[in-house]
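# Close look at the chain arrangement
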Protein chains: 2
Amino acid sequence: MSTHPCDHSFCSGCDRFGAWYRLTGDKGTAEAKAKDICLEQTVEFPADLVPKGFVQDEVLGRVEGFERCSPPPDEAWKALITYLNADTGSELTQLLNVLYGNISLKKGFRLESLKDCWNLWDKFKGPRFGIQGIRELLGIPKRPLLCTAVKPMGLSATQLADLAYRFAMGGIDIVKDDHGLANQPFANFTERVERCSEAVKKASEKIGRKILYAPNVTAPAGDLEKRAAFAKKYGVGALLVCPGLTGFDSMRLLADDETLKLPILGHPAFLGSFVTSSDNGIAPYAIFGQIMRLAGADATIYPHSGGRFGFSLDECRQIVEGAKVPMGNLKPIYPAPGGGMSLKRIPELKEFYGNDVMFLVGGDLIKVSPDIEKNCRMFLEMVNQDKSLLKK
Amino acid sequence: MSTHPCDHSFCSGCDRFGAWYRLTGDKGTAEAKAKDICLEQTVEFPADLVPKGFVQDEVLGRVEGFERCSPPPDEAWKALITYLNADTGSELTQLLNVLYGNISLKKGFRLESLKDCWNLWDKFKGPRFGIQGIRELLGIPKRPLLCTAVKPMGLSATQLADLAYRFAMGGIDIVKDDHGLANQPFANFTERVERCSEAVKKASEKIGRKILYAPNVTAPAGDLEKRAAFAKKYGVGALLVCPGLTGFDSMRLLADDETLKLPILGHPAFLGSFVTSSDNGIAPYAIFGQIMRLAGADATIYPHSGGRFGFSLDECRQIVEGAKVPMGNLKPIYPAPGGGMSLKRIPELKEFYGNDVMFLVGGDLIKVSPDIEKNCRMFLEMVNQDKSLLKK
């Protein structure tokens, strides 16, 4: 499938992959933690009992890098641990388990990044579309994409569809369900998808360009595929999935499905606990960048700094990096910053993100004036505006 | 299905359920956070835009309790937020989303406990066996259960089966796969399950009592059910699932499956980030007690205090509470403390847990002496020993 550019020092024939962990404590403590990861994430056995030969030499994790990343008093170190590719069985569930299964339960261990491993990443198809694929689908070669959500929960399918229509008429590129719309009695999944999909198609025909409706297919196990298939049948343009609720691999299943072939927006609901501490969990770079991509998201939604959530600009920058860093053949994906973004921040956001971004503006498109279509047009104008004009 | 004992002040006809959250900050800050939960977890809309009538009156979360839980300087408050049952669509994925979807991404909000709601919990079957069901299955009316794991990753299926046989011959009640055994080339799933299941059955027949082998069926989406069905066909006695990797609802699907009818051990891999902070995430009571139960686990595995992991005794106590607190008709489930327990700690563990516990001892059954069967018999003797004898 691909030429093999690997030149990792740790990778003999590329049968190992690696990950960087941030470890709190002084040097001795951090070194002990690094060794602990090697055991805990593979053999889960006391060091002196690990069988000699293959298990000890190959299966066991290895510390292959170690450096200081923060001076005292908040001393912390970074360790590169490598694992045998075969430890993962080429399955995403087990890959996540090796990366951060048991260690998640210990304090002061944070997964920072996955190190490129061509041979392993090639086992995963990742995003089907990525940035370029969605641009081609929409016929938008360069500018940032516009995304919004129909809500709130509690409205009827007709009311939501009306909203979707107005967003689409206003020129939004991707109209998604709010991630809280599931299969509630007020607007059950099938009726909502039928009506919203129809509304967006109608608007799309009127204004003469493709607009994607992305229903939330996050659902109980077994129903996820059914809802996605139903949505496909009703002509939706994309899918919204919350992998924190369904498991990352369920999103991967939809991305790989040859009968669907729809772009997937990955939503961070229920994943926040991974990123609320800088000493524990998984760095935004890894979870909202690299892992979302491995699991097939074409866009990764997260709250931009300064909205309703507390992400820092640096964390947002990390996500953008993780969404595009080389990982085998995995396509780069859209960062989709949202979480309380207002139209007046678009110039600042454009400055920060450049063109390869999907701006997600929700409530503000309803709030700034009673004319929703006009608000959407303003959104598009602001995104299209030349930077030099904005500075006037 | 059940009589309805609900006398909640907040629950008119029991169409609402509730959850307690711990909120950091002074009173004003915590009050604002409580109101924020009401919006963020339901309508995800600015307060002034929430449609009047049904959405504002019913769909929106409500603050129905507020009290101080920690004095300054680490000031924190507890708020009871209630939601309309219909907000969840009676689906576990959406229930988790309402409880902690977006709020997980904000700092200083911790989900502490789910408040009993008979009408909502009755939508979920929960654990099929629970403590009593597993006791009946094994024919062990009173004493604590003994559990261990075959490992390490990297051994062949034959080697793992040999280990399983020796554990079973020594009198272990439940021999599970290590949660790191997935479908690796060293011991692929089908061969491992065939051999280990056969080994445990052979030992079971020899010693004349039922012993359960529990393979790890944690697998990619779509394969989980297939592996469980394969395991059932090969006569396994139980299943091990890591819901952090598969999604909680995938475990629920297996628990509900009428063609399987097998006890399920829920493993905490990849869930640790929920519990590593006392200001964020989900309390052990809720995630390893209540949510594991809602999702169908018959036993909840977690690291006991003082082993390789940093759980406190109080956290372990919380899990025991959450595993048995009244929740509609949901059966109480086994706490299964493990994570580096040694045989010499059994008296102390027995004192702490009483009889309704599944002790999980791993490496120590291989370490204390070269005779694994003898070590297992010692484990059983220690569990059976009268407390008065132990104090000699």
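Above this text is the structure in question.
Residues numbered from 1 in each chain as written. Chains lettered and ligands numbered in written order. Predicted model: local features only at pLDDT ≥ 70, side-chain atom pairs only at ≥ 80, totals over all residues. Heavy atoms only, no water.

The secondary structure content of chain A amounts to 16 helices and 13 strands. On C-alpha atoms alone, chain A measures out to a radius of gyration of 22 Å, which is about the 21 Å that the 2.2 N^0.38 rule sets for 392 residues. Projected onto the principal axes, the alpha-carbon positions of chain A cover approximately 70 × 50 × 40 Å. For chain A, the residues scored as buried account for 65% of the 392 residues in total. Taking the intrachain contacts of chain A between residues at least 6 apart in sequence as the baseline, contacts between residues at least 24 apart amount to 75%. (Helix = DSSP H or I, 4+ residues; strand = E, 2+ residues; numbered from the N terminus. Rg over C-alpha atoms; globule rule 2.2 N^0.38 Å. Buried < 20%, exposed > 50% of the residue type's maximum accessible area, 1.4 Å probe, protein only. Contact = heavy atoms within 4.5 Å.)

Right, let's talk about the side chain of B:Arg227 for a bit. Topologically, B:Arg227 is positioned in helix H8 (residues 223-233). Overall, B:Arg227 belongs to the buried group, its relative accessible area being 7%. With sequence-adjacent residues up to four places away left out, B:Arg227 is seen in contact with A:Glu91, B:Ala182, B:Asn183, B:Phe189, B:Val217, B:Thr218, B:Ala219 and B:Pro220.

With that out of the way, let us pick up the relation of the copies chain B and chain A. When chain B is brought onto chain A, the operation consists of a screw motion whose angular component is 180° and whose axial shift is 0.0 Å, with 0.0 Å RMSD remaining. Both copies of the chain, as the preceding transformation shows, are related through a two-fold rotation axis. No C-alpha of chain B approaches the rotation axis more nearly than that of B:Gly247, which lies at 2.1 Å. Mapped onto chain A, 100% of the interface residues of chain B again fall at the interface, so both copies present the same surface. (Least-squares fit on C-alpha atoms with pLDDT ≥ 70 in both.)

Turning to the interface of chain B and chain A, a few remarks are in order. At the junction of the two partners, chain B supplies 74 residues and chain A supplies 74 residues. Taken over both partners, the interface formed by chain B and chain A buries close to 6500 Å², and the fraction arising from carbon and sulfur atoms is 63%. Per-residue buried area on chain B facing chain A is highest for B:Leu105, B:Phe270 and B:Thr276; these three make up 12% of the total on that side. Put simply, chain B and chain A have 8 salt bridges between them. With a closest N to O distance of 3.8 Å, A:Lys367 and B:Asp48 form a salt bridge. Counting the contacts that link chain B with chain A gives 28 residue pairs in polar contact (both at pLDDT 80 or more). If one sorts the elements of the side of chain B that touches chain A by residue count, helix H3 (residues 92-100) of chain B sits on top with 5 residues. Looking at the side of chain B that touches chain A residue by residue, the classes come out as 35 nonpolar, 25 polar and 14 charged. (Buried area = accessible area lost by both parts, 1.4 Å probe. Salt bridge = Lys/Arg side-chain N within 4 Å of Asp/Glu carboxyl O. Polar contact = N/O pair within 3.5 Å; in protein donor to acceptor, adjacent residues only side chain to side chain. Nonpolar A, V, L, I, M, F, W, Y, C, P; charged D, E, K, R; others polar.)

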